[in-house]
Amino acid sequence: MSTTTAIRTAVVTGASSGIGAATARQLAAAGYHVVLTARRKDRIEALAAEITAAGHSAAVHALDVTDRAAVDAFAASLDRYPSVDVLVNNAGGALGVDPVATGDPADWRTMYETNVIGTLNVTQALLPAITASGDGTVVVLSSTAGHATYEGGAGYVAAKNGARVLAETLRLELVGRPVRVIEIAPGLVKTEEFATTRFRGDTERAAKVYEGVAAPLTADDVAETVTWAVTRPSHVNIDLLVVRPRAQASNTKLHREL
Ligand code: 8X3
């Protein structure tokens, strides 16, 4: 019997940096064959090379999760694997911190497209295979922003609420089938790109998000929670895991040592 039949496959979206990249590394180390997807192929290729050099197994597929035709083609390409066991919906992000009074509807639309429709696209496309695995897991990386609002956050908060609702509803709808639906909601995480993207490349403003915060979460911290939740026994469904740095008591209560 071929040994490949024992290999379990995990797909990670937004795997080019931050939480997605860290999760891909950790799931690979946990024994999964990881399929890295992101728009930037050079980045995921470099990460796949690193994972392979470490003795683990990885493949890449350049993908924009908002492009449904591309997502469907990607899903079809996964039939080369014996099973598709885990999907980590990580692709997404924030744009701007404008108040409701002046926020750009285009930003709101983009955030909804990436955080909600992107998650919907990939989840719908992979769900038949994940269900057929007989022991599948869908992870949604939401955010503490999906659970409480804050000034300047409405567009992102609305989108992350959408992602949370998708996860909660899917769990209800799939009950009785062999698929777990796990939501991980991180608070303040310092990654190379999240805040810089939010502030459209303004690295000084991005740095201020973390100013004086003794120890924001790292991408690895969050990846550990994802990997822990995914590797629980099949009957254990971590519905929701909220993770914040010790210095953050709520979305609006952050301790800065200045
Ligand atoms: C990121 C957390 O506080 O920037 O998902 O909304 S926050």
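These figures come from a predicted structure and were not determined experimentally.

Enquirer: For this particular structure, what's the right way to read the site of the ligand?
Expert: Near the ligand you find Ser-143, Ala-145, Tyr-150, Tyr-156, Gly-187, Phe-194 and Arg-198, and these make up its full shell. The contact in question runs from an oxygen atom of the ligand to an N or O atom on the side chain of Tyr-150, over 2.6 Å. Between the ligand and Tyr-156, the relevant distance is 2.6 Å, taken from an oxygen atom to a side-chain nitrogen or oxygen of the residue.

Enquirer: Explain the side chain of Glu-183 to me, please; I cannot follow it from the model alone.
Expert: Within the secondary structure, Glu-183 sits in strand E6 (residues 179–186). Buried Glu-183, no salt bridge; nearest opposite-charge side chain is Arg-171, N-O distance 5.3 Å. The residues contacting Glu-183, other than those within four sequence positions of it, are Val-140, Ser-142, His-147, Arg-164, Ala-167, Arg-171, Ile-238, Asp-239, Leu-240 and Leu-241.

Enquirer: For this particular structure, what's the right way to read the side chain of Thr-225?
Expert: Its location among the elements puts Thr-225 in helix H8 (residues 219–230). Residue classification places Thr-225 among the buried residues on the basis of a relative accessible area of 13%. Once you skip the residues sitting within four places of it in the chain, Thr-225 turns out to touch Ile-184, Leu-241 and Val-243.

Enquirer: I keep staring at the nonpolar core and nothing clicks. Help me out?
Expert: The tendency in soluble globular proteins is for nonpolar side chains to be buried as a group. Judged by nonpolar contacts, the single largest core of 35 residues is most densely connected at Val-34, Leu-36 and Ile-184. Not counting chain neighbours up to four residues away, the residues in contact with Leu-36 comprise Val-12, Ala-15, Ala-24, Ile-44, Leu-47, Ala-48, Ile-51, Ala-59, Val-60 and His-61. By size, the runner-up hydrophobic cluster in this structure holds 26 residues, among which are Val-65, Val-71, Ile-130 and Val-140.

Enquirer: How do you make sense of the sheet that holds strand E7 (residues 240–243) when you look at a structure like this?
Expert: In a beta sheet, neighbouring strands are held together by backbone hydrogen bonds and run either parallel or antiparallel to one another. Spatial strand order, E3-E2-E1-E4-E5-E6-E7: seven strands in an open sheet with parallel pairing. At either end of the open sheet lies a strand with only one pairing partner, and these are strand E3 (57–62) and E7. With strand direction ignored, the average angle separating the axes of adjacent strands in the sheet is 15°. As paired strands, strand E2 (residues 33–38) and E3 are joined by six bridges and run parallel to one another. When the sheet's bridge partners are listed, Val-34 is paired in E3 with Ala-58. Each of strand E1 (9–12), strand E4 (86–89), strand E5 (136–141) and E6 is contacted by helix H4 (residues 105–132), which is oriented at about 170° to E4, the strand it contacts most.

Enquirer: Honestly, the environment of Thr-149 in this entry has me stumped. Any pointers?
Expert: Assignment of secondary structure puts Thr-149 in the loop between E5 and helix H5 (154–174). Separated by 102 residues in sequence, Thr-149 and Asn-251 place their C-alpha atoms 7.5 Å apart.

Enquirer: For this particular structure, what's the right way to read the pattern of salt bridges?
Expert: For the coordinates displayed, the defined rule picks out 11 salt bridges. Close ionic contact of Glu-193 with Arg-40 constitutes a salt bridge, the shortest N to O distance being 2.9 Å. With Glu-193 in the loop between E6 and helix H6 (194–198) and Arg-40 in the loop between E2 and helix H2 (41–53), this pair connects stretches of sequence that are 153 residues apart. What makes Glu-193 partly exposed here is its relative accessible area of 22%. Ionic pairing is found between Glu-45 and Lys-41, a salt bridge with its closest N-O pair at 3.9 Å. One end of the pair is Glu-45 and the other is Lys-41, both in helix H2 and four residues apart, which spans about a single turn.

Enquirer: It is not clear to me how the packing of helix H1 (residues 18–29) against H2 should be interpreted in this structure. Could you clarify?
Expert: Two quantities define a packed helix pair, namely the angle between the axes and the distance from one axis to the other. Direction vectors running N to C along H1 and H2 enclose 25°, while the axes themselves pass 10 Å from each other. Judged by the inter-axis angle, H1 sits roughly parallel to H2. Note that H1 runs across H2; the crossing there is right-handed. Between H1, through Ala-21, Ala-24, Arg-25 and Ala-28, and H2, the contact on the second element is made entirely by Leu-47, Glu-50 and Ile-51.

Enquirer: I tried to follow the packing of helix H3 (residues 68–77) against H4 on my own but got confused; where do I start?
Expert: In contact at an axis separation of 9 Å, H3 and H4 are set at 30° when each is read in the N-to-C sense. The angle between H3 and H4 places the two elements in the roughly parallel class. The way H3 lies across H4 gives a crossing that is right-handed. Contacts between H3 and H4 involve Arg-68, Val-71, Asp-72, Phe-74 and Ala-75 from the first element and Asn-121, Val-122, Gln-124, Ala-125 and Leu-126 from the second. In the contact of H3 with H4, the residues fall into six nonpolar, two polar and two charged.

Enquirer: Whenever I open this one, the pairing of E5 confuses me. Can you help?
Expert: Two faces, one strand: in a regular strand the side chains alternate between the faces of the sheet. Counting buried positions along E5 yields six of six residues, so the element is predominantly enclosed. Going residue by residue along E5, you find Gly-136, Val-138 and Val-140 tucked away on one face and Thr-137, Val-139 and Leu-141 tucked away on the opposite face as well. Relative to E5, E4 is paired through four bridges, and the arrangement is parallel. Bridge pairing in E5 places Leu-87 opposite Val-138. Read as a crossover between parallel neighbours, the route from E4 over H4 to E5 is right-handed. Judged from the six bridges that link them, E5 and E6 form a sheet pairing that is parallel.

What counts, and at which threshold
Residues numbered from 1 in each chain as written. Predicted model: local features only at pLDDT ≥ 70, side-chain atom pairs only at ≥ 80, totals over all residues. Heavy atoms only, no water. Near = heavy atom within 4 Å. Polar contact = N/O pair within 3.5 Å; in protein donor to acceptor, adjacent residues only side chain to side chain. Helix = DSSP H or I, 4+ residues; strand = E, 2+ residues; numbered from the N terminus. Buried < 20%, exposed > 50% of the residue type's maximum accessible area, 1.4 Å probe, protein only. Lys, Arg positive; Asp, Glu negative; His and termini not counted. Salt bridge = Lys/Arg side-chain N within 4 Å of Asp/Glu carboxyl O. Contact = heavy atoms within 4.5 Å. Core = buried A, V, L, I, M, F, W, Y, C linked by side-chain atoms within 4.5 Å. Pairing = 2+ DSSP bridges. Axes fitted to C-alpha atoms, helices over the stretch in contact; angles between N-to-C directions. Parallel < 35°, antiparallel > 145°, perpendicular 65-115°, else oblique. Left-handed = near helix turned anticlockwise from the far one by under 90°. Nonpolar A, V, L, I, M, F, W, Y, C, P; charged D, E, K, R; others polar. Right-handed = clockwise from strand over helix to strand, strands pointing away.

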